[in-house]
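For reference, the chains in residue letters:
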Amino acid sequence: GAAGATGAAGATGAIGPTGAAGATGAAGATGAAGATGAIGPTGAAGATGAAGATGAAGATGAAGATGAAGATGAAGATGAAGATGAAGATGAAGATGAAGATGAAGATGAAGTNGTNGATGATGATGATGPITVKKDGTTVGAESTLDFINGFTVTNPAGKIVIDGSGFVHATGNETIAGNKTFTGNTSIGGDLSVTGNTTFTGTTSVNNATTTGTASSISTGNGLTSGQAFNVNTGSSTFTTGNTQDNTNATRGFFYGGTANSYTGANTFSSTGNFTGTLVALTADQTTAGTVLGISAQSLTTGKAIDVSLGTLYSGTTDSVAGYSIGAVNVRAQSFTGNIFNVEAHGAGGASANLANFRSTQLAGQVLNVNATALTTGTAVAVTLGTQGTGFYLNTSAAYTGNLIQLRMNGADRLKVDQAGNTTLGGTLTGPAAATFTIDSGGLNNINIGGLSAATLNLGRTGQSQALLGNGTVAGTFAVTGATTLSTLAVSGTSTLTGNTTVGGTLGVTGATTLSSTLAVTGDVNVNSGKFTVTAASGNTIVAGTLNVTGQTTATGGIQIGSTGTAYTLVKTYSASITPTAVGASTSAEQTFAFAGLAVGDKVIVNPPGRTAACPMSAARVSAANTLAITFVSLDQVPCTPLAGTYTVIAFR
């Protein structure tokens, strides 16, 4: 046939690579001196100088206050009596002078005979009570005539004695009740029963040692009147303790899961057991509350720690409970009938690109990572996903070597929808399009669409009484059979036609048997077969096929292709490829990078197939940002930078 019209000019080619650097030019003249720079920051402090010589001794300080008087020393021993002087001679009696000083007593004469005892004189008045010396642990405290017993002693004065009673004090043995507020400042060890009815403060280490087997080692009871108070309160204040730090590989209390020894996991409060018990180590029971919180955890400033940490060791195998009809797990939440949420995880802040509201991760080779069992469900939904205006409802991604099904939906063991790793889709029922819009089936590129080409017996396209439109040229590789009446309003043959022999028809051609056309059939007017079953409009070339159209070879649409009356018309579907090397993407962020792809034009819709996938650096979007330029957005899913995979990227462009 005649040569077709010249096609539109192609898009501008990609910018060529940068040429080699030219030779270095001669050095230019020295420029004028620049302005003085700003004063630099203050340097680091120098090393501490050597210690100076010892200064002169300071003046003597003022005398300190006089110390308390020392204790009175013990009385000394009585000295020996002096010797009696000799008696002087009797002088002459002189005039009676003034009374002289009394002379020394003469020697005692011999004892005379005892006279008769006189009558007993009256009793003299009682002298004042002398002081009582008081000692503490053998050391004298002081001497006073009065003793005062305070702070709990009971002192009475029955007839003939003073009674001091210490029954109000706590004794070392026996069961006693202590009332009132108490403060213990040392280490306290309680080996028996302790009943405290007032406020008690322990400022030292407190131990409760009770070798009970069926009793209760320690019990706290508030009675039935507690309203806004607390039955038990432990407050570590602003302490920055490291007990139980699981991220410190040298911490001896980090627990076995984090590399520590067995039974080493402790915290600011620890409940521990080394026994192989079958009971419950910590039980919170509140069977009568209807609106309270049984266990509340508040960690307002937590950023990288764990609000709840559960570590399991050996092979865990719990699945069924002793209560019939219930299953169990290491973390167990069960309920009876309900109208609210049994398990609720909710966040109202913005999440990062790698953030997960719920994360399930396992290295298991079999079983289910997430199992939903709702066999009693009648009108509800087993899994419900509600989205806003953007996002992906369900996202699944595998490694490049994955083989198996991406989606498999079954009913009673029979497949209803299955999609394998290659995208091959198997339907177990009818595929029905929208009721009030065009149902479009198209290829993602300039590729063949095969319907029923492998194993189908009969292919039915269209509906009786409706027009079936073939938008492009139709090729029938086998027999084209028309079972109904065929009407050709105008059949123009401009050249010689051979029908079962050399036959020339200048007017009406009526054929009642099979017709074989071994060469070109040219018709200048419209073609209409069986009242619209197959029509060709001469003026435009538009063709409508009301029945089945089988195309076994490649179909080329030089003027574009559109499926459906409201479908999008494409003038070009083409594959491009180029070897590119993406650059690194920052931690927990996304970055758009541009690459040269000759032939791409602004407005092209593109599908990009990378050579593989870096798990932490997937592709999230692609577009044609300029002529011959492809822009790809990569996302870093980890908190460290990552580099997308380099290699040959294939692009399918729709224009």
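Counting restarts for each chain, with residues numbered from 1 along the sequence as it is written. pLDDT decides what is reported in this predicted model: residues at 70 or higher carry local features, side-chain atom pairs at 80 or more are listed and counted, and totals for whole chains, interfaces and linings draw on all residues regardless. Just so you know, side-chain values use all the structure's heavy atoms and leave hydrogens and water out.

Caption draft 1: Geometry of the overall build of the protein. Secondary structure assignment for the protein yields zero helices and 25 strands. Each residue is placed in one exposure class: buried if its accessible area under a 1.4 Å probe, protein chains only, is under 20% of its type's maximum, exposed if it is over 50%, and partly exposed if it falls in between. Taken over 655 residues, the protein has a buried fraction of 10%. Any two residues whose heavy atoms approach within 4.5 Å are treated as being in contact. Restricting the contact set of the protein to residue pairs at least 6 apart, pairs at least 24 apart contribute 47%. Secondary structure elements follow DSSP: runs of H or I of four or more residues count as helices, runs of E of two or more count as strands, with numbering from the N terminus.

Caption draft 2: A look at the packing of aromatic side chains. Pairing of aromatic side chains here covers Phe, Tyr and the six-membered ring of Trp, requires ring centres within 6.5 Å, and sorts the geometry by plane angle: under 30 degrees stacked, over 60 edge-to-face, intermediate tilted. Counted according to the given criterion, the structure contains three aromatic pairs. Connected via pairs of aromatic rings, a cluster forms that spans Phe 256, Phe 257 and Tyr 258.

Caption draft 3: Structural view of the environment of Val 282. In this structure, Val 282 sits in the loop between strand S10 (206-208) and strand S11 (405-411). Exposure remark for Val 282: the relative accessible area of 45% places this residue in the partly exposed category. C-alpha separation for the pair Val 282 and Phe 271, spaced eleven residues apart in sequence, amounts to 7.5 Å.

Caption draft 4: Structural view of the state of the cysteines. Only a pair of cysteine sulfur atoms within 2.5 Å qualifies as a disulfide here. Inspection of the entire model under this criterion finds one disulfide. At a sulfur-sulfur separation of 1.7 Å, the disulfide partner of Cys 617 is Cys 642. Between Cys 617 and Cys 642, the S-S torsion sits near 75°, and that sign places the bridge as right-handed. Linking Cys 617 in the loop between strand S22 (605-609) and strand S23 (619-626) with Cys 642 in the loop between strand S24 (629-635) and strand S25 (647-654), this pair joins segments that are 25 residues apart in sequence. Each member of the pair Cys 617 and Cys 642 is classed as buried.

Caption draft 5: Expanded view of the sheet that holds S23. Taken in spatial order, the three strands make up an open sheet running S21-S24-S23, and their pairing is antiparallel. With one partner strand each, in any of the chains shown, strand S21 (590-596) and S23 form the two edges of the open sheet. Across this sheet, the average inter-strand angle for adjacent strands is 25°, counted without regard to direction. One ladder, built from six bridges, connects S23 with S24; its direction is antiparallel. Its bridge partner lying in S24, Arg 623 is registered against Ala 631. For two strands to pair, DSSP has to find at least two bridges joining them. Axis angles are defined between N-to-C directions and span 0 to 180 degrees, where every axis is a line fitted to C-alpha atoms and, for a helix, only to the segment in contact.

Caption draft 6: Examining the pattern of salt bridges more closely. Take a side-chain nitrogen of Lys or Arg and a carboxyl oxygen of Asp or Glu: if they are within 4 Å of each other, that pair is a salt bridge. Going through the model one piece at a time under the given rule, you end up with five salt bridges. In this structure, Arg 623 engages Glu 592 in a salt bridge whose closest nitrogen and oxygen atoms are separated by 2.9 Å. In this pair, Arg 623 sits in strand S23 while Glu 592 sits in strand S21, placing the two residues 31 residues apart along the sequence. Residue classification places Arg 623 among the partly exposed positions, given a relative accessible area of 42%. When salt bridges with common partners are traced through the structure, they connect Arg 410, Asp 415 and Lys 418 into a single cluster.

Caption draft 7: The side chain of Thr 246, seen in detail. Summarising the element assignment, Thr 246 is placed in the loop between S10 and S11. A residue is classified by how much of its surface remains accessible, and Thr 246, at 8% relative accessible area, is buried. Within the local environment of Thr 246, its side chain forms a polar contact with the side chain of Gln 247, the two groups lying 2.8 Å apart. The residues touching Thr 246, leaving out its near neighbours within four places in the chain, are Arg 254, Tyr 258, Tyr 265, Lys 306 and Asp 309. Any N or O atom pair separated by 3.5 Å or less is treated as a polar contact, with the protein-specific requirement of one donor-capable and one acceptor-capable atom, and with residues adjacent in sequence counted only for side-chain atom pairs.

Caption draft 8: Main features of the sheet that holds S11. The strand order across the open sheet built from three strands is S11-S12-S13, with neighbouring strands paired in antiparallel fashion. A single partner strand is all that each edge strand has here, and the edge strands are S11 and strand S13 (425-427). If you compare each strand with its neighbour and ignore which way they point, the axes differ by 10° on average. Inspection of the sheet shows strand S12 (residues 414-420) paired to S13 by three bridges, in the antiparallel sense. Among the inter-strand pairings, Lys 418 is bridged to a residue of S13, identified as Thr 426.

Caption draft 9: Structural detail: unusual backbone geometry. In this model, Asn 263 sits at a positive phi of 65°, which is unusual for a non-glycine residue. Topologically, Asn 263 is positioned in the loop between S10 and S11. Phi at Ser 588 takes a positive value of approximately 50°, unusual for a residue other than glycine. Here Ser 588 is to be found in the loop between strand S20 (573-580) and S21. Judged by relative accessible area, which is 35%, Ser 588 ranks as partly exposed.

Caption draft 10: Representation of the confidence of the model for the protein. Here the protein averages 79 in pLDDT, and 76% of its residues register 70 or above. The predictor rates its confidence in each residue with pLDDT, a number between 0 and 100. This stretch, residues 492-503, has a pLDDT under 50; its non-local contacts, to residues over four places away or in other chains, come to 17 contacts.

Caption draft 11: Representation of the environment of Ile 652. Within the secondary structure, Ile 652 sits in strand S25. Each C-alpha atom of the pair Ile 652 and Asp 604 lies 9.4 Å from the other, and the pair is 48 residues apart in sequence. Not counting the four nearest positions on each side in its chain, Ile 652 is found in contact with Gly 444, Gly 445, Val 573, Lys 574, Thr 575, Lys 605, Val 606 and Ile 607.

Caption draft 12: Representation of the pairing of S11. Here S11 runs beside S12; their pairing, made up of six bridges, is antiparallel. Of the residues in S12, the one forming a bridge with Met 411 is Ala 414. The loop that links S11 with its antiparallel partner S12 comprises two residues; one of these, Asn 412, has a positive phi angle of about 55°.

Caption draft 13: Just the environment of Ile 449, in detail. Here Ile 449 lies in the loop between S13 and strand S14 (469-470). Each C-alpha atom of the pair Ile 449 and Thr 555 lies 9.2 Å from the other, and the pair is 106 residues apart in sequence. Residues in contact with Ile 449, not counting those within four places in the same chain, are Ile 441, Asp 442, Ser 443 and Ile 563.

Caption draft 14: Quick peek at the side chain of Asp 604. Along the chain, the position of Asp 604 falls in the loop between S21 and S22. In this structure the side chain of Asp 604 is engaged in a polar contact, spanning 2.9 Å, whose partner is the backbone nitrogen of Ala 601. Separated by 2.9 Å, the side chains of Asp 604 and Arg 655 make a polar contact. Other than its neighbours up to four places away in sequence, Asp 604 contacts Val 624, Ala 653, Phe 654 and Arg 655.

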